[in-house]
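# A structural walkthrough
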Amino acid sequence: MTWEKKTVTIVTKAYPERSRRYGSVACTAGITSEGEWIRLYPIDMRHFVGKNKISKFDIIEVECRQDSDKLGRRESHKVRPGSIKIIDKSLSKPKVDWKRRNQLLLPKQVTSLEILQQQYKENKTSLGLLKPKKVIDFIKTEELKIYEQYEQESWSFTVNLEGEKIPNVHKIPHIFKYKFICDCCDNTEHIMQCEDWELFESYRRWGKQYGTPEVLWEKLRERFFNWMTQERNLNFIMGMHSQYPTWFIIGLYYPPKE
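Residues numbered from 1 in each chain as written. Predicted model: local features only at pLDDT ≥ 70, side-chain atom pairs only at ≥ 80, totals over all residues. Heavy atoms only, no water.

What follows covers the sheet that holds strand β13 (residues 176–181). In space, the 3 strands of this open sheet follow the order β10-β13-β14, with antiparallel pairing throughout. Two strands bound the open sheet, and with one partner strand each, they are β10 (134–140) and β14 (189–193). This sheet shows a mean twist of 20° between the axes of neighbouring strands, independent of strand direction. Inspection of the sheet shows β10 paired to β13 by 6 bridges, in the antiparallel sense. Paired with Val135 across the bridge in β13 is Phe180. The strands that helix α4 (residues 213–230) touches are β10 and β13; relative to β10, the one it contacts most, it runs at about 165°. (Pairing = 2+ DSSP bridges. Helix = DSSP H or I, 4+ residues; strand = E, 2+ residues; numbered from the N terminus. Axes fitted to C-alpha atoms, helices over the stretch in contact; angles between N-to-C directions. Contact = heavy atoms within 4.5 Å.)

Below, the structure written as structure tokens:
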């Protein structure tokens, strides 16, 4: 299959993971200029550090090709190394344009996991924007720790297959989950893992600032539960695991309440 150039608005980035082959890489999800969901992998860490880093809602050009993974997820695309170019930052900074962001994302909003599961069953759609009926809780599955170093300059580096130095990231356990109900027919309570980069990075950076795990957890709950559910219109950007037909939260979208 040949490489194809696409224009993509990045809407979320899952926290990076370490790959034996690629070093520290991140999986990103976005929407193409044709209005379709797309998953881009791998994007190495050099694209997420420094003054030219890719931010959420940057518009990029990228050469990619559809990737045949285990589950046949229709949006999965492999990125051609060195092909990424940022072409527009007007949706990411300097001022957040929630109206334009909503025009891009909210038409894709669904109200239940059942709808996402049906879409996957019909055509292998494995990304979606879920508006929960009620977010009940934000929980951690183990005690927090304080990460002493968080500055980008303190990161170590890995040399990838092309001989390029790629910054490593802290390996952080996946301990954050949301408890919620959606418009499923039986009002089932779901407890779902969240891998949003902003959440993980806040955990990584705030520890040294706030000093203790107890205060750190208080601040994380204040931001990612109280503020996002009381003052914002919290949506979950959902993705399916690459090996199992299991959904989890790969990003948080939280425009102001109208």
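Next, the rest of the story.
Bringing the sheet that holds strand β9 (residues 127–130) into the picture now. On the basis of which strands lie adjacent, the open sheet formed by 4 strands has the order β8-β9-β15-β16 and mixed pairing. What marks the edges here is a single partner per strand, and that holds for β8 (109–110) and β16 (247–253). Bridge count for strand β15 (residues 235–240) against β16 is 6 bridges, and the pairing is antiparallel. By the bridge assignment for β16, Ile237 is matched with Gly251. In the packing of helix α2 (residues 113–123) onto the sheet, contacts are made with β8, β9, β15 and β16, and the angle to β16 comes to roughly 115°.

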